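Each chain, written out:
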Amino acid sequence: MAAALVGRWQELSFEGSALKGNPRGDPFVRPVYVWTPASYDEGEQRYPTVYQLQGFTGMAPAWFNVR
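Here is a short report on the structure shown in this document. (Residues numbered from 1 in each chain as written. Predicted model: local features only at pLDDT ≥ 70, side-chain atom pairs only at ≥ 80, totals over all residues. Heavy atoms only, no water.)

**Quick look at the overall build of the protein chain**
And then number 1: Along the protein chain, the regular secondary structure elements total 0 helices and 2 strands.
And then number 2: Taken against the 2.2 N^0.38 rule, which gives 11 Å for 67 residues, the C-alpha radius of gyration of the protein chain at 15 Å runs more than 25% over that of a compact globule.
And then number 3: Once the C-alpha set of the protein chain is aligned to its principal axes, its extents read approximately 45 × 35 × 15 Å.
And then number 4: In the protein chain, which comprises 67 residues, the share counted as buried stands at 6%.
And then number 5: Sequence separation of at least 24 residues holds for 40% of the intrachain contacts in the protein chain that already meet a minimum separation of 6.
And then number 6: Within the protein chain, one finds 6 positive and 6 negative side-chain charges whose respective centroids are separated by 9 Å. (Helix = DSSP H or I, 4+ residues; strand = E, 2+ residues; numbered from the N terminus. Rg over C-alpha atoms; globule rule 2.2 N^0.38 Å. Buried < 20%, exposed > 50% of the residue type's maximum accessible area, 1.4 Å probe, protein only. Contact = heavy atoms within 4.5 Å. Lys, Arg positive; Asp, Glu negative; His and termini not counted. Charge placed at Lys NZ, Arg CZ, Asp CG, Glu CD.)

What follows is the structure, given as structure tokens:
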């Protein structure tokens, strides 16, 4: 049985200036998904961070289609 995550997902965006005007016309604003624990907005506690970026042909929203 999987444990439930207590917290929230946020979809933010990141503008990659290196991608602006690229020859393929790929979007230069990309989604970034952030999960914060329930106590994140309370007090001044610091939290560790893990970054994971999708691969060359991947799409970050597909991560949420996994069961």
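**Description of the environment of glutamate 11**
And then number 1: Of note, glutamate 11 is situated in strand β1 (residues 7-15).
And then number 2: Take glutamate 11: its relative accessible area is 56%, and that puts it in the exposed class.
And then number 3: On a C-alpha basis, the gap between glutamate 11 and asparagine 22 in space is 24 Å, while along the polypeptide they are 11 residues apart.
And then number 4: Setting aside anything within four residues of it in sequence, one finds glutamate 11 in contact with Pro31, Val32 and Tyr33.

**A look at the side chain of threonine 36**
And then number 1: Relative to the elements of secondary structure, threonine 36 occurs in strand β2 (residues 29-37).
And then number 2: Discounting chain neighbours no more than four positions away, the residues touching threonine 36 are Gly7, Arg8 and Gln10.

**Some thoughts on the side chain of asparagine 22**
And then number 1: Looking at the element boundaries, asparagine 22 is found in the loop between β1 and β2.
And then number 2: A distance of 2.7 Å separates a polar side-chain atom of asparagine 22 from the backbone oxygen of leucine 19.
And then number 3: In terms of polar contacts, asparagine 22 uses its side chain to reach the backbone amide nitrogen of glycine 25, at 2.9 Å. (Polar contact = N/O pair within 3.5 Å; in protein donor to acceptor, adjacent residues only side chain to side chain.)

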